Amino acid sequence: MRARDAASSDRFPPDVLFNVLLRLPAKDLCRLRAVCRSWRALTSGDPLFASHGAHPGPLFLAKFLDDKSSIYVVDLSGNVLKRVADAAGGPYQYLLCSLHKPEPCHQQLFEVFTISGGDGDARWRGRQGPGLFIDKCSGVVVDGVVYFLTSRVYDDSGSGIRPDNIVSFDLGTEEWRRDLPGPISSSNAADMMWPFYLRRDLNLAGLNGSLVLADHHDRRTMDLWFLSDFENGLWVKEYHIQTGSIISRWAAEYRLKPLLVLDDGRLVLYLASTGQLFICDPGTKAFAEVDIRRLDSVVVYTGNLLGLGGADMV
């Protein structure tokens with residue numbers, strides 16, 4: 001308590017400052033320790049901050065194949081740090097931004113709910129659809145916009161909807177934006193290339209604050225295209241990764257989901273067909289498997305360990 005009192009100022013009551021700092025990610029918290037002696041005393045001397053800062057590396061929310069009734073917080077070494085009971089429906093819930101089998105599209109309803117909004121936001125609000133069936137499991141959020149690939153129902157249908165057609169929903173305005181053509185459709189050889197693509201050859205990711213389309217059409221390689229300009233539909237291919245060492249050419253499911261770019265440039269990848277996590281070094285083209293139980297679904301967690309109410313420390 002003395003450390004908390006010492007960290008107070010005329011503008012920030014001790015309890016307010018304590019609770020604000022407690023909600024910051026560990027990496028940001030380490031920087032703020034250099035602000036002044038009182039802040040350093042608070043963040044270094046309190047056991048709550050010590051437990052939060054003990055895991056400064058990337059964290060993931062995961063469901064395991066042998067336990068679909070809970071969500072776990074894990075680190076990149078495979079250590080389980082927290083368990084969050086899934087009261088919403090157990091094995092029938094899954095983490096977004098992971099790969100799953102597609103479901104038939106008969107009708108899709110779209111609703112928005114704002115967390116911690118005012119009284120007018122504390123309800124589900126129906127929104128008109130984008131005019132196309134979407135693959136709900138392809139959704140990723142980048143800078144306040146949710147991006148989706150269109151559904152597999154358009155494959156081989158003669159609809160003219162290309163597999164890399166992307167629709168997006170602005171969470172700020174709560175409106176759908178115009179369709180975005182992917183890098184295959186945008187290329188000079190699009191008319192010759194895209195008829196040979198299927199929706200299953202592609203998936204979306206959010207890396208380094210950019211929308212990324214992963215192209216697995218070759219089955220032995222993965223190209224990562226980064227969106228550089230939404231208005232002009234410009235894409236840049238930043239990675240070409242050989243995947244043959246971990247995925248058989250004859251595998252029924254061959255897509256890797258990019259999850260994260262580490263500070264040293266290595267990529268964290270998720271192979272949904274086997275429930276494995278891999279770390280890929282694009283320079284050496286080497287893969288290292290993360291020692292972790294087989295996964296049902298996984299997503300990067302950008303919060304902190306203390307921000308999950310009702311969770312059990314492991």
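Scroll up for the structure.
Residues numbered from 1 in each chain as written. Predicted model: local features only at pLDDT ≥ 70, side-chain atom pairs only at ≥ 80, totals over all residues. Heavy atoms only, no water.

Trainee: Looking at this model, I keep getting lost on the overall build of the chain. Mind explaining?
Mentor: When its secondary structure is counted, the chain shows 7 helices and 19 strands. Here the chain holds 314 residues, and the buried ones make up 43% of them. Counted over contacts in the chain with a minimum sequence separation of 6, partners at least 24 positions apart contribute 50%. Here the chain has roughly 16800 Å² of accessible surface; of this, 52% comes from carbon and sulfur atoms. (Helix = DSSP H or I, 4+ residues; strand = E, 2+ residues; numbered from the N terminus. Buried < 20%, exposed > 50% of the residue type's maximum accessible area, 1.4 Å probe, protein only. Contact = heavy atoms within 4.5 Å. Areas by Shrake-Rupley, 256 points an atom, 1.4 Å probe, with all protein chains shown as cover.)

Trainee: I keep staring at the packing of aromatic side chains and nothing clicks. Help me out?
Mentor: Both the distance between ring centres and the angle between the ring planes are used here to describe each pair of aromatic rings. Considering all chains together, one arrives at 7 aromatic pairs under this definition. Ring geometry for Phe226 versus Tyr239: centroids 6.1 Å apart, planes at 35°, classification tilted. Taken together, the positions of Phe226 in strand S12 (residues 221–229) and Tyr239 in strand S13 (residues 234–242) put the pair 13 residues apart, joining distant regions of the chain. Accessibility classification places Phe226 together with Tyr239 in one group, the buried group. (Phe/Tyr/Trp six-rings, centres within 6.5 Å; stacked < 30°, edge-to-face > 60°.)

Trainee: What am I meant to see in the side chain of Arg255 here?
Mentor: Along the chain, the position of Arg255 falls in the loop between S13 and strand S14 (256–261). At 3.3 Å, the side chain of Arg255 forms a polar contact with the backbone oxygen of Arg200. (Polar contact = N/O pair within 3.5 Å; in protein donor to acceptor, adjacent residues only side chain to side chain.)

Trainee: Can you help me understand the pattern of salt bridges in this one?
Mentor: Oppositely charged side chains may form a pair once their charged atoms are brought near each other. Counted by the stated rule, this structure contains 8 salt bridges. Here Glu174 makes a salt bridge to Arg127, at a shortest N to O gap of 2.5 Å. Of the two residues, Glu174 is situated in the loop between strand S8 (166–170) and strand S9 (175–176) and Arg127 in strand S5 (residues 125–127); the sequence distance between them amounts to 47 residues. We classify Glu174 as buried; its relative accessible area is 15%. The class of Arg127 is partly exposed, set by a relative accessible area of 30%. (Salt bridge = Lys/Arg side-chain N within 4 Å of Asp/Glu carboxyl O.)

Trainee: Honestly, unusual backbone geometry in this entry has me stumped. Any pointers?
Mentor: Notably, Asp143 is not glycine yet its phi reads approximately 50°, a positive angle. Topologically, Asp143 is positioned in the loop between strand S6 (140–142) and strand S7 (145–149). Look at Asp143 and you get exposed, because its relative accessible area is 76%. Look at Lys285: it is not a glycine, yet its phi comes out positive at around 65°. Counting through the fold element by element, Lys285 comes out in the loop between strand S16 (276–281) and strand S17 (286–289).

In short, shape yes, function no, at least from these values alone.
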